[in-house]
Each structure stands twice: as C-alpha cells, then as structure tokens.
Amino acid sequence: LLPAAFAPFLRTIKKISEQGVVSCTTSDDKGICKSKLLEAAIRAEQIGGAEASVCLVCCHQSPSDLEKEIVDVLGKRLQVFGRADLPYLKERLATWIDA
C-alpha cells in the first residue's frame, strides 16, 4: 500500500489520464515543441480515443502561437504552457484538468 501522502498525487494522475496526455520538454525550439505536441496528440488518440485532449509543457516564449498553429491540424482540445507559465504550472494544470 502507498502512504496516504500520495493520494492527492494519484488523484491528479487519474484525472490527467482521463483527460488526455501531457507532454513535457525543456526545449524552447519551435520545431521540437511542435513535434512533441503532435506526438502527444497521437498517443492521446491511441489511449483515449478521438476526444482525448493534449497538453504540452515547454519553455517556448510564445505558447499561444504554437497552440494556434496546431489546433487547426489536430482538431482536439489543446493547451500549451510555456516559459512564463512554469512558476504557476501547478495551478494552470489544475485548471486545465478541471475544465
């Protein structure tokens, strides 16, 4: 059995797996970030079907630009968190998960 301290973490993981896929990279390179996002979209569909959502956590300076470029291609619920989001990532992920 796992200690009780792990319970909130496990609930969060369960919610994420029900929502879709989260991909992470330390890169700020646009090409690498797009590649990670597309790979996550493929995995999300394999795991959760066509309605599964995708999230990328990266160090790109303009996550909304990446999101706009890819959302039309993927046609899925999509979220990209960039460098400016990192200090608030816990809150931002929680909001995305609960949406």
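A few points on the structure. (Residues numbered from 1 in each chain as written. Predicted model: local features only at pLDDT ≥ 70, side-chain atom pairs only at ≥ 80, totals over all residues. Heavy atoms only, no water.)

**Digging into the pattern of salt bridges**
Consideration 1: In this structure the tally under the stated criterion is 4 salt bridges.
Consideration 2: Asp 28 is the salt-bridge partner of Arg 83, the closest N and O atoms lying 3.8 Å from each other. With Arg 83 in the loop between strand E3 (78-81) and helix H4 (89-98) and Asp 28 in the loop between strand E1 (20-24) and helix H2 (30-48), this residue pair connects regions lying 55 residues apart in the sequence.
Consideration 3: In this structure, Lys 30 and Glu 69 form a salt bridge, with 2.7 Å as the shortest nitrogen-oxygen distance. Remark: Glu 69 occurs in helix H3 (residues 63-74) and Lys 30 occurs in helix H2; sequence separation between them is 39 residues.
Consideration 4: Taking relative accessible area as the criterion, Lys 30 reaches 38% and is therefore assigned partly exposed.
Consideration 5: Counted as one network, the salt bridges with shared partners bring together Lys 30, Lys 34 and Glu 69. (Salt bridge = Lys/Arg side-chain N within 4 Å of Asp/Glu carboxyl O. Helix = DSSP H or I, 4+ residues; strand = E, 2+ residues; numbered from the N terminus. Buried < 20%, exposed > 50% of the residue type's maximum accessible area, 1.4 Å probe, protein only.)

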